[in-house]
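# Summary of structural features
The chain contents come next:
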Amino acid sequence: MRSRRLLPVLLVLLTALAGGCTRAAPGGRIVVLHFWAMGQEGRMAARLVRGFEREHPHIRVEVQQLPWTAAHAKLLTAYAGGTTPDIAQMGNTWIPEMAALRAIVPLDGYIAASHIVTPSDYFPGIWKSNVVGGKAYGVPWYVDTRLIFYRKDILAAAGFDHPPRSWAGWARMLAALKAHARPGDWAALLPLNEFEQLVSLSLEQPGSFLRDGDRYGNFQTPQFQAALRFYLSFFRDGYAPRIDNTQVASVPIEFARGHYAFYVSGPWMIQEFATLMPAAVQNDWATAPLPGPTGAASNSGIAGGASLVIFRNSRHRAAAWQLIEYLSRPSVQDAFHRLTGDLPPRRASWARPDIARDPYAAAFRAQLERARAVPRIAEYEQIVREMQTIAARAAWGELDVTQATALMDRKTDAILAKRRWMLAHGRLP
Amino acid sequence: MKSRQALAGWMFAAPALIVIAVFFLLPVLAALGLSFTDFDIYALASLKNLRFVGLANYLVVLRMGLFWKALGNTLYFVAVGVPLSVAAALGAALLVHSRLARWKGFFRVALFTPVVTNLVAVAVIWKYLFQQRYGVVNYALGALGIHPLDWLGNPHLAMPTIILFAVWKNFGYAMIIVLAGLQAIPGELYEAARLDGAGAWRQLRHITLPMLGPTLMTVGLLTMVGYFQLFAEPYVITEGGPLQSTLSVLYLMYNQGFDWWNLGLASAIAFVLFVFSLAATWVLVRLGRRKGWV
């Protein structure tokens, strides 16, 4: 009820904002680009675009910062009100939805003509996560993939001088850590309300958890069931507590105190750990690629991150593309990395000395080569949340692997009913 | 003459009626219409993708395991929370009203304070109080030699903890109403009872409670209607977990409507919840009527 009343107010505000779109300056035509960016990137983007404005005196970039929590709803209301910006930062998993809405435009034409944005230089999984129905709708801006953060000293105390490389090796290590753990401490932390860990493990297996052109669930395969079984062993064998992330007061502090030896998370955690963990344990933690089912060669993970997109409503698409090209330059991505800690999506940027020397980033670099794109459909997040709800029930012992995967398929098929109808009527791009 | 008077009456009522029609009646009717369609993200793209589905959304809701779980949680919250709130309000009001009580003003303010605090802020504080590892509640229990409990992480304990929080947050409001009811009971009744030799307990049972009947009824109704709309407490404290043990019907509706944009289904959930809370209210009013409290 409250949001419905808020909507008109929002629309009016947005219209007022978009009204300033083409203001002619007295000395000549100045193009104003509206650029929406989220969270920390939004704060730093304003600094980055100064260099672009110097190179293009006739273009002015207005950066608007959106909080991540409100960004999705705001993009949708802006779309409904026809007040979208020219260019925006967008989480990879939102791109299929925006493409289905026809809110954003394919960029293949620009990319083919560009000397700066060269698809082959980008990590393949990351690039693919921007491709919907054979067309590229976004250019990756920064990347994220989930891997393991671990305590070197706790592993050493249990007799291990290297991080795990295979699932079996990880399981042996977890069992040894459990035997060594003080009461109240755990070998690992995998919050039960986060779907990324299970999705990551399932991506290390061949195949996908959706089938027939992402029309139906495909969870009852031996591959997914193996991933789920391994995931559940964390809880059934007592390696990880059955808790949600709402119950963890502070991951860096609990990690520093040794309450957990393993944690699966993304690149933003590097800065969190570096700033929030006490100096005494700063030399005791490291990152490593997610162990693969059969060893390091089978490692993979989620190809996530955020991209830059251009909206259909924009009247300055050419200028918006110039901004995307500027932000895709390795030198600018290097500056962006120093400002935010975000990891760049292309190999040329990783060759810059600063990031190449970063010991915590190296594991990400290795995994990014093998990271895989998740299904690119508007319903993705709803499906994986449903999957996680069921996995959590299995972790608590309410369901076994066979029952859980059957239920996942049934729920997913129901969620995808409208998509099947849309596809059957040729209404999806 | 009479019709002119009626017209004037309508004119005076018109501003309020228009506001109600525009901001309440129309949205409710629109939501009812929405609940017969499959409005979703695709319909947002083009209304050509909108299908009229009749009662299908309602059938989906009634067959949805999660809905029944959420309804069970909500009923649990109402069935335990409402009597506890009313009892706490009654107890506090009796204490504050008692002739023996000192600093009545102070206690009234202190007991009412939770009502005027910001829900999100105090919910975050409660979350930390009941934190398993660092929470002060477990610390206090530990001092008494009781093993720490995972208040918000155990699926069986999370809802009781939320109920405790809601009762603490809300009983002050009901207390004020009960206090007004207590003050309206004529003193002569107690005098007469004392002359007849009735002690404190019998005065409470045979004078205070019967005279407070209508007040308690009102307080119970108001609390119940409010508790059916459980949302902010689990949203802030547990996000519906663990194992959906604190997921309420309203939370489920929010998930469907604002996370996944299944607005058709979300509207249907809203109307089903409306029917359930209407039914519960009806039962309570029937009970009250039999006792002559309404």
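Each value, and the rule that gives it
- Residues numbered from 1 in each chain as written.
- Chains lettered and ligands numbered in written order.
- Predicted model: local features only at pLDDT ≥ 70, side-chain atom pairs only at ≥ 80, totals over all residues.
- Helix = DSSP H or I, 4+ residues; strand = E, 2+ residues; numbered from the N terminus.
- Rg over C-alpha atoms; globule rule 2.2 N^0.38 Å.
- Buried ≥ 20, exposed ≤ 12 C-beta atoms within 10 Å, placed from the backbone.
- Contact = placed C-beta atoms within 7 Å.
- Nonpolar A, V, L, I, M, F, W, Y, C, P; charged D, E, K, R; others polar.
- pLDDT = per-residue confidence, 0-100.
- Pairing = 2+ DSSP bridges.
- Axes fitted to C-alpha atoms, helices over the stretch in contact; angles between N-to-C directions.
- Right-handed = clockwise from strand over helix to strand, strands pointing away.
- Domains from an automatic or database assignment.

### A short note on the overall build of chain A
- A tally of helices and strands in chain A yields 20 helices and 13 strands.
- Here the C-alpha radius of gyration of chain A, 23 Å, is about what a compact globule of 429 residues would show, namely 22 Å.
- In terms of principal-axis extent, the alpha carbons of chain A reach across some 75 × 50 × 45 Å.
- Taking all 429 residues of chain A together, the buried fraction comes to 47%.
- Within chain A, residue pairs in contact and separated by at least 24 positions form 76% of the contacts whose partners lie at least 6 positions apart.

### What to know about the interface of chain A and chain B
- If you look at the interface, chain A gives 25 residues, while chain B gives 21 residues.
- Of all the elements in the fold, those that place two or more residues in the side of chain A that touches chain B are helix H1 (2–19), helix H3 (68–80), helix H4 (95–100), helix H18 (380–395) and helix H20 (417–424) of chain A.
- With four residues, H18 of chain A is the largest single contributor of residues to the side of chain A that touches chain B.
- Partitioned by chemical class, the residues of the side of chain A that touches chain B number 12 nonpolar, six polar and seven charged.

### A word on helix H12 (residues 249–259) of chain B
Residues and elements named next belong to chain B.
- Within the span of H12, buried status applies to Val249, Leu250, Tyr251, Leu252, Met253, Gln256 and Gly257.
- Buried residues along H12 sit in contact with helix H4 (65–97), helix H11 (232–237) and helix H13 (263–290).
- One or two residues past the end of H12 sits Trp261, with phi positive at roughly 60°.

### A few points about the confidence of the model for chain A
All names here are of chain A.
- On average, residues of chain A score 91 in pLDDT, and 93% of them reach the 70 mark or higher.
- Note on residues 1–5: pLDDT is under 50 here. Beyond four places in sequence and across chains, it has three contacts.
- Every residue in residues 7–26 is under pLDDT 50, and counting partners more than four places away or in other chains gives 22 contacts.

### Describing the sheet that holds strand S7 (residues 147–151) of chain A
Residue and element names in this part refer to chain A.
- Strand order across the open sheet formed by four strands is S8-S11-S7-S12, with mixed pairing between neighbours. Taken across any chain shown, the strands that pair with only one partner, and hence form the sheet edges, are strand S8 (186–189) and strand S12 (285–288). Shown here is a sheet whose adjacent strand axes are inclined to one another by a mean of 20°, direction ignored.

### Some thoughts on unusual backbone geometry
- Between Gly241 of chain B and Pro242 of chain B the backbone carries a cis peptide bond, its omega angle lying at -15°.
- With respect to the secondary-structure elements, Pro242 of chain B resides in the loop between H11 and H12.
- Positive phi is not limited to glycine here, since Asp212 of chain A has a value of about 55°.
- Along the polypeptide, Asp212 of chain A turns up in the loop between strand S9 (210–211) and strand S10 (216–217).
- Even without being glycine, Glu239 of chain B reaches a positive phi, approximately 55°.
- One can find Glu239 of chain B in the loop between H11 and H12.
- With 15 C-beta atoms packed within 10 Å, Glu239 of chain B lands in the partly exposed category.

### Some words on the environment of Ala181 of chain A
All names here are of chain A.
- With respect to the helices and strands, Ala181 occurs in the loop between helix H8 (167–180) and S8.
- The spacing of Ala181 and Ala261 is 80 residues in sequence and 9.5 Å in space, taken between C-alpha atoms.
- Excluding residues that lie within four positions of it along the chain, Ala181 makes contacts with Trp186 and Ala187.

### Digging into the environment of Leu189 of chain A
Residues and elements named next belong to chain A.
- Structurally, Leu189 can be placed in strand S8.
- Linking Leu189 and Val264, residues 75 residues apart in sequence, is a C-alpha distance of 7.4 Å.
- In contact with Leu189, not counting residues within four places along its chain, are Ala240, Tyr260 and Tyr263.

### Details of the pairing of strand S2 (residues 59–66) of chain A
Residue and element names in this part refer to chain A.
- Pairing of strand S1 (residues 31–38) with S2 involves eight bridges; the strand directions are parallel. Bridged to Trp36 within S2 is Gln64.
- The parallel pair S1 and S2, bridged by helix H2 (residues 39–55), forms a crossover whose chirality is right-handed.

### Quick look at the domain arrangement of chain A
Residue and element names in this part refer to chain A.
- Looking at the assigned domains, one finds that chain A contains domain 1 (2–145 + 303–368) and domain 2 (147–301 + 399–423).
- Each side of the interface is counted separately: domain 1 has 10 residues, and domain 2 has 12 residues.
- In terms of residue count, helix H17 (residues 359–368) provides more of the side of domain 1 that touches domain 2 than any other element does, five residues in total.
- Partitioned by chemical class, the residues of the side of domain 1 that touches domain 2 number five nonpolar, three polar and two charged.

### What to know about the sheet that holds strand S3 (residues 87–91) of chain A
All names here are of chain A.
- Across the sheet, five strands lie side by side as S2-S1-S3-S13-S6; this open sheet has mixed pairing. The open sheet terminates on both sides in strands that have one partner only, identified here as S2 and strand S6 (139–144). On average, adjacent strands in this sheet sit at an angle of 20° to one another, irrespective of strand direction.
- By the bridge criterion, two bridges tie S1 to S3 in an arrangement that is parallel. Its bridge partner being in S3, Phe35 is matched across the sheet by Ile87.
- The strands touched by helix H13 (residues 317–328) are S1, S2, S3, S6 and strand S13 (304–310); relative to S13, the strand with the most contacts, the crossing angle is about 150°.

### Some thoughts on the confidence of the model for chain B
- Residues at a pLDDT of 70 or more form 100% of chain B, whose mean pLDDT is 92.
- What the predictor reports for the complex is a pTM of 0.87 with an ipTM of 0.85.

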